[in-house]
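# Remarks on the overall topology
Below are the chains, spelled out letter by letter.
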Amino acid sequence: KHQPGRTILASTISKTYDQEIKEKLNTLKKVKPNGPLLVGFLANNDPAARMYAQWTQKTSESLGIRYQLREMEDPDFLEESIIDANEDDEIDGIMIYFPVFGNAQDQYLQQVVKKEKDVEGLNHVYYQNLYHNVRFLDPPDNQLKSILPCTPLAIVKILEFLKIYNPLLPEGNRLFGKKCVVINRSEIVGRPLAALLANDGAIVYSVDINNIQKFTRGESLKFTKHHVEDLGDYSEDLLKKCCQDSDIIITGVPSENYKFPTEYLKDGSTCINFSSFKNFDDSVKEKASLYIPMTGKVTIAMLLRNMLRLVENSLKLKEK
Ligand code: NAD
């Protein structure tokens, strides 16, 4: 079959962060000889979560970061274990493999993780900064960089790798002129992702099963943070229109049967799938210029990058 573009694997992109992580780690080891310790809590039987945990362990250890998986039979004990880990000075980063209860209790559990150890960047403070386009934790000093949720951040880094972010533009406006569709508006990934991309200057069509919204910073980027506009109920027609108006299609539909209709793509689009299921079928390769079938390995790299940033921030705070 004719394939005019390229498929790029997450492992190719994540590798570009190995060096940065190793260098930071070496500097850190001068103050913390054993290096940082990341603890992952697994309290479900989800094979995707287990795989993610194994990859986190493998990647951490290959870079020289200590990783400990704590498995729990009974999720009712998880909250206490997180609180213990929050107070344990030996532990630098904490993450939970979701879903645990599969309902709103999961969001509560996430907020139990101390923000100083929240490597996934899911604490309310980090989300609020993201939505408000605030990039530091200590304005106006601006010494401590805020943390971004690692899956949305991974997509941003993928777009940088693909040169969709234009480094000739001022920082913060590097997606000016770009249009994307994000199919998923969960609080964990889709909505923060749409906001991040719009804050960086893109026009984003944010799609969920109910409706389609447009996230932008307004004409000529006149606003300092994104605004949201309702475009209407979800319909195939509206989705197709948004795709025909976009250069970048990002999917995160958590279902095995879902396939994005390749015929909606504009020729030469960039296609990125972050769902654990393959949301594009192989025909995408005949139409996309760049296709990224999975993103998990970049997410793990961002997790480790976030952890080193948290440790750096805490050392800077101690100096103050
Ligand atoms: P979720 O169930 O919370 O959200 C799914 C979103 O997709 C919702 O907004 C829903 O409305 C939308 N949706 C579902 N079907 C749709 C359809 N047919 N058309 C349009 N929109 C539709 O799930 P989640 O937590 O956001 O996770 C989504 C996927 O991403 C899962 O497969 C998960 O495993 C994966 N994930 C990957 C990473 C990573 O690092 N790659 C990280 C987190 C989650």
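Computed from a prediction, not measured in an experiment: that's the story for all the values here. (Residues numbered from 1 in each chain as written. Predicted model: local features only at pLDDT ≥ 70, side-chain atom pairs only at ≥ 80, totals over all residues. Heavy atoms only, no water.)

### Looking at the overall build of the protein chain
Selection rule: Each helix is a run of H or I in the DSSP string that is no shorter than four residues. Each strand is a run of E no shorter than two, and both are numbered from the N terminus. Between the two quantities, the radius of gyration covers C-alpha atoms and the globule rule is 2.2 Å times the number of residues to the power 0.38. Only protein chains enter the calculation, and the probe is 1.4 Å; a residue is then buried if its accessible area is under 20% of its type maximum, exposed if over 50%, and partly exposed in between. By definition, residues are in contact when any of their heavy atoms lie within 4.5 Å. Note on areas: Shrake-Rupley with a 1.4 Å probe; residue coverage comes only from the protein chains shown. All tallies of charge rest on Lys and Arg as positive and Asp and Glu as negative; His and the ends of each chain are not included. Positions of charges follow a simple convention, taking NZ of Lys, CZ of Arg, CG of Asp or CD of Glu.
Per the secondary structure count, the protein chain includes nine helices and eleven strands. Its C-alpha radius of gyration of 20 Å places the protein chain within 12% of the 20 Å reference for a compact globule of 320 residues. Considering only C-alpha atoms, the protein chain reaches an extent of 55 × 45 × 35 Å along its principal axes. Scored against the burial criterion, the 320 residues of the protein chain give a buried share of 49%. Taking the intrachain contacts of the protein chain between residues at least 6 apart in sequence as the baseline, contacts between residues at least 24 apart amount to 61%. Entry remark: accessible area of the protein chain is about 15,700 Å², with carbon and sulfur atoms responsible for 51%. Averaging the positions of the 41 positive and the 44 negative side-chain charges in the protein chain gives two centres separated by 8 Å.

### Some remarks on the nonpolar core
The line we're drawing: Buried Ala, Val, Leu, Ile, Met, Phe, Trp, Tyr and Cys residues form a nonpolar core when they are joined through side-chain atoms within 4.5 Å. Note that the domain bounds were set by an automatic or database domain assignment.
Of all hydrophobic cores here, the largest spans 61 residues; its most connected members are L197, V204 and I250. With nine residues, helix α9 (residues 296–319) is the largest single contributor of residues to this core. Both of domain 1 (32–116) and domain 2 (151–295) provide at least three residues apiece to this core. Setting aside residues up to four positions removed in sequence, L197 forms contacts with V156, L159, Y165, L175, C180, V182, A202, V204 and I250. Counting 20 residues, the second-largest nonpolar core is a separate cluster that includes V207, I249, Y264 and V284.

### Some points on the site of the ligand
Our working rule: A single heavy atom is enough: if one lies within 4 Å of a molecule or strand, its residue is considered near that molecule or strand. Any pair of nitrogen or oxygen atoms within 3.5 Å is treated as a polar contact; in protein, a donor-acceptor pairing is required on top of that, and neighbouring residues in sequence qualify only through side-chain atoms on both sides. Just so you know the grouping, Ala, Val, Leu, Ile, Met, Phe, Trp, Tyr, Cys and Pro go in nonpolar, Asp, Glu, Lys and Arg go in charged, and all remaining residues, Gly too, go in polar.
The immediate surroundings of the ligand are formed by 18 residues, with N184, R185, S186, S276 and T299 found nearest. The separation between an oxygen atom of the ligand and a polar side-chain atom of T151 is 3.4 Å. In the complex, 72% of the free accessible area of the ligand, which totals 860 Å², lies under the protein chains. Across the shell around the ligand, the residue classes break down as seven nonpolar, nine polar and two charged.

### Section: the sheet that holds strand β11 (residues 290–292)
Pairing between the strands of a sheet is mediated by backbone hydrogen bonds and can be parallel or antiparallel. Selection rule: Following DSSP output, two strands are said to pair if at least two bridges run between them.
Strand order across the open sheet formed by eight strands is β1-β11-β10-β9-β5-β6-β7-β8, with mixed pairing between neighbours. Pairing within the sheet leaves two strands with one partner each, and these edge strands are β1 (6–7) and β8 (227–233). Relative to strand β6 (residues 203–207), strand β5 (residues 179–183) runs parallel, the two sharing five bridges. Looking at β6, one finds that V182 is bridged to S206.

### Quick word on the domain arrangement of the protein chain
In terms of domains, the protein chain is made up of domain 1 (32–116) and domain 2 (151–295). Its C-alpha centre places domain 1 at a distance of 29 Å from the equivalent point of domain 2.

### A word on the packing of aromatic side chains
To keep it simple, the criterion reads: The rule is short: rings of Phe, Tyr and Trp, with Trp giving its six-membered ring, pair when the centres are within 6.5 Å, and they are stacked under 30 degrees, edge-to-face over 60, tilted in between. A ring is considered to have a charge above it if a Lys NZ or an Arg CZ atom is located within 6 Å of its centre and within 35 degrees of its normal.
Applying the stated criterion across every chain, the model contains five aromatic pairs. Taking 6.0 Å as the distance between ring centres and 85° as the angle between the ring planes, the aromatic pair formed by F260 and Y264 counts as edge-to-face. Aromatic rings pair up to connect F260, Y264, F280 and Y291 into one cluster. Cation over ring: K297 sits above W55, and NZ or CZ is 3.9 Å from the ring centre.

### What to know about the pattern of salt bridges
Note the following rule: Salt bridges, as used here, are contacts in which a Lys or Arg side-chain nitrogen is within 4 Å of a carboxyl oxygen on Asp or Glu.
Scanning the entire structure with this criterion turns up 14 salt bridges. The shortest N-O distance in the salt bridge between D247 and K266 comes to 3.4 Å. Here K266 lies in the loop between β9 (248–251) and β10 (270–273) and D247 lies in the loop between α8 (236–244) and β9, a separation of 19 residues in the sequence. One salt-bridge network, in which partners are shared between bridges, spans K278, D282 and K285.

### Some details on unusual backbone geometry
Peptide bonds are mostly trans, and most non-glycine residues show a negative phi. Following F98, the chain continues to P99 via a peptide bond in cis, the omega torsion being 0°. Mapped onto the fold, P99 is located in the loop between β4 (93–97) and α4 (105–112). Each neighbour pair has its own omega, and for P139 with P140 the value is 5°, a cis peptide bond. For P140, the position within the fold is in the loop between α5 (124–131) and α6 (150–161). Phi at N133 is positive, roughly 55°, even though this residue is not glycine. Structurally, N133 is set in the loop between α5 and α6. Of note, S220 is a non-glycine position whose phi angle comes to about 55°, a positive value.

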